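# Structure assessment
Residue strings, one per chain:
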Amino acid sequence: QVQLVESGGGLVQAGGSLRLSCAASGRTFSSYAMGWFRQAPGKEREFAAAVSSSGTITYYADSVKGRFTVSRDGANTVYLQMNSLKPEDTAVYYCAAYAGTARTMRVMSSRVDYWGQGTQVTVSS
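Heads up: these notes are all about the structure in this document. Predicted, not measured: the structure shown is a model, and the values here were computed from it.

### Here's the deal with the pattern of salt bridges
Under the defined criterion, the tally for this structure stands at four salt bridges. Among the ionic pairs, Glu46 bridges to Arg38, the shortest N-O distance being 2.8 Å. We classify Glu46 as partly exposed; its relative accessible area is 35%. For the salt bridge of Lys65 with Asp62, the shortest nitrogen-to-oxygen distance reads 3.2 Å. Note on Asp62: relative accessible area 67%, which makes it exposed. The network of salt bridges with common partners includes Arg38, Glu46, Arg67 and Asp89.

If you want it as structure tokens, here you go:
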């Protein structure tokens, strides 16, 4: 049974930092791009960041570029370091895995193969 389990969410003041982790199990994700999407209240789920299967290529939404860093540790663990957090970053953050490129994952969330259950990030002003 494949599972993606996020951790690290919480409440932080504006300007603060959080590090999200995603531990995948049930299969090896060495050939999968992995990444993060987020969904704010009343809004659609949107792409935040993705990393290639090799860990060498990354993509970011314009809204988080320069503040967030996505990385992976081996095949089955991915991180999202979030700095200079803003109230508009408040959302449920979902880990995702896609058996394709990070470039495609960035623009086609419908192609994601596996989703985590989400972790809440709340940024207070």
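Text resumes after the structure shown.
### Some remarks on the nonpolar core
Counting 38 residues, the largest nonpolar core has Met34, Trp36, Val70, Val78, Leu80, Met82 and Tyr93 as the members making the most contacts within it. Contributions of two or more residues to this core are made by strand E3 (18-25), strand E4 (33-39), strand E5 (46-51), strand E7 (68-72), strand E8 (77-82), strand E9 (91-98), helix H1 (102-107) and strand E11 (119-124). Per element, the largest residue contribution to this core is six residues, and it comes from E9.

Calculation notes
- Per-chain numbering applies: the sequence of each chain, read as written, is numbered from 1 onward.
- Residues qualify for local features only when their pLDDT is at least 70, as the model is predicted, and side-chain atom pairs are given and counted only at 80 or more; totals for whole chains, interfaces and linings, by contrast, use all residues.
- Here the side-chain values reflect all heavy atoms present in the structure, with hydrogen atoms and water set aside.
- Here, a salt bridge means any Lys or Arg side-chain nitrogen found within 4 Å of an Asp or Glu carboxyl oxygen.
- Classification of residues uses two cut-offs on accessible area relative to the type maximum, computed with a 1.4 Å probe and protein chains only: under 20% is buried, over 50% is exposed, and between them is partly exposed.
- Throughout this description, the term nonpolar core refers to a set of buried Ala, Val, Leu, Ile, Met, Phe, Trp, Tyr and Cys residues connected via side-chain atoms within 4.5 Å.
- The helix and strand labels rest on DSSP assignments: H or I over at least four residues marks a helix, E over at least two residues marks a strand, and numbering proceeds from the N terminus.

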